[in-house]
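# Structural description and commentary
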Amino acid sequence: MSCRRIFLALCMGLLLVGRPQASSSAQDGGLVIRITQVDNSKFPKVTVYISVSGADGEPVRVEADRIQLYEDSVLIRPDKVLGAGETGPLTTLLIMDVSGSMVNGGKLETAKVAASAYVAKMRPTDQAGLISYNTQVKNVQEITENQEKLHEAIGKLQAQGNTAMYDALLKAVKILEGESGRKAILVLTDGLDNRSIASAKDVIAAVGPGGLSISTIGLGDPASGKSNDGLDEAGLRSLAEQAGGKYSFASDTVSLQAIYELTG
């Protein structure tokens, strides 16, 4: 412990960007307390983000001295506690599937609507970038606070070719390695990967050290299986769960709204 400086950032609400660690959740008089992210990007300074919400999921303000953080059953005394009742800036990489299967059933158009809605929810201090992928992974828009640039980049996307989702996710993880603070990956896809060199296990292994999360938004018809109209819902749900994120179906407006609110 002596080689590290521990900082706590207390965040209101249950945050999308959480990668819950083992035994990181606790109940305290109906409160849900969760470690949402461990940022090692400036090691030996380590920042631990903690969220507090009520049983109904609504954010709850809590005094910093009520939070105790343990590692291997040893109480850690942080050097500093910051941001009680605040969420802090969020950096998101939007990963959008532009493979040929996204033409079917209006998947890409639905993805554009969902991505644009996400951007519209960004606060002035938040920033985002955009990566598109088929067999090629393209950095369409560098990370920026400029919502107009993000909307424009999303609107220009066109679909063609095969799919290399896991390769795109590995690139996204690499891009976010140098970013400090809260950060997350949000992938909008039907999950029908057929060309990646990387695997889901490779992505999960890469996510761990950086403390970020991957959430997935599914597009397509789950009943159609792995046809071009289909959606690999089980695969996307598993990926999100293992990467500390959330899975939502793009046509489920309530679920999508929850994602936007959880990141706010």
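The preceding data block contains the structure.
Quick notes on the rules
Sequence order as written defines the numbering, with residues in each chain counted from 1. For a predicted model such as this one, the threshold for reporting local features is a pLDDT of at least 70, and the threshold for listing and counting side-chain atom pairs is 80 or more; totals across whole chains, interfaces and linings nevertheless cover every residue. With hydrogens and water set aside, each side-chain value is computed from the structure's full complement of heavy atoms. Here a helix means four or more residues in a row that DSSP labels H or I, a strand means two or more in a row labelled E, and each is numbered from the N terminus. Per-residue accessibility, obtained with a 1.4 Å probe over protein chains only, is compared with the maximum for each type, and a residue is labelled buried under 20%, exposed over 50%, and partly exposed between these values. Contacts: residue pairs with any heavy atoms within 4.5 Å of one another. Only the protein chains shown count as cover for residues, and the accessible areas themselves come from Shrake-Rupley with a 1.4 Å probe. To estimate the expected span of a helix, subtract one from its residue number and multiply by 1.5 Å. We call two strands paired when DSSP finds no fewer than two bridges between them. We call a crossover right-handed when, viewed with both strands directed away from the observer, the connection leading from the first strand over the helix to the second proceeds clockwise. When a carboxyl oxygen of Asp or Glu lies within 4 Å of a side-chain nitrogen of Lys or Arg, that pair is called a salt bridge. Nonpolar cores are built from buried Ala, Val, Leu, Ile, Met, Phe, Trp, Tyr and Cys residues. Side-chain atoms within 4.5 Å join them into one set.

### Re the overall build of the protein chain
- Along the protein chain, the regular secondary structure elements total six helices and 13 strands.
- For the protein chain, with 264 residues in total, the buried portion stands at 47%.
- Within the protein chain, residue pairs in contact and separated by at least 24 positions form 72% of the contacts whose partners lie at least 6 positions apart.
- Accessible surface for the protein chain amounts to roughly 12300 Å². Of this, 48% is attributable to carbon and sulfur atoms.

### With respect to helix H1 (residues 107-120)
- If you check H1, its first and last C-alpha atoms are 20 Å apart, about what 14 residues at 1.5 Å a residue would give, namely 20 Å.
- Looking at H1, one finds that the buried residues are Lys107, Leu108, Ala111, Lys112, Ala114, Ala115, Tyr118 and Val119.

### As for the pairing of strand E9 (residues 127-133)
- Burial of E9 is extensive: six of the seven residues sit out of reach of the surface.
- Examined bridge by bridge, strand E8 (residues 90-97) and E9 share seven bridges and lie parallel to one another. From the neighbouring strand, Leu94 faces E9, where its bridge partner is Leu130.
- For the segment spanning E8, H1 and E9, crossover handedness is right-handed.
- As paired elements, E9 and strand E10 (residues 137-144) share five bridges and run antiparallel to each other. Bridged to Ala128 within E10 is Thr144.
- Counted along the chain from E9 to the antiparallel partner E10, the turn is three residues long.

### Some remarks on the pattern of salt bridges
- Applying the stated criterion to the full structure yields six salt bridges.
- Between Lys107 and Asp190 there is a salt bridge, and its shortest N-O distance comes to 2.9 Å. Of this pair, Lys107 sits in helix H1 while Asp190 is found in the loop between strand E11 (182-189) and helix H4 (200-210), placing the two residues 83 residues apart along the sequence. Asp190 carries the same exposure label as Lys107, and that label is buried.

### Remarks on the nonpolar core
- Of all hydrophobic cores here, the largest spans 25 residues; its most connected members are Ile95, Leu169, Ile185 and Ile214.
- Of all elements in the fold, only E8, E9, helix H3 (165-176), E11, H4 and helix H5 (233-242) reach the threshold of two or more residues within this core.
- Counting residues per element, this core draws most heavily on H3, which supplies seven residues.
- Ile214 has contacts with Leu169, Ile185, Val187, Val203, Val207, Leu239, Ala240, Ala243, Gly245 and Lys246, leaving out every residue within four places of it along the chain.
- In terms of nonpolar packing, the next biggest core, distinct from the first, is built from 23 residues, Leu90, Leu94, Ala111 and Ala114 among them.

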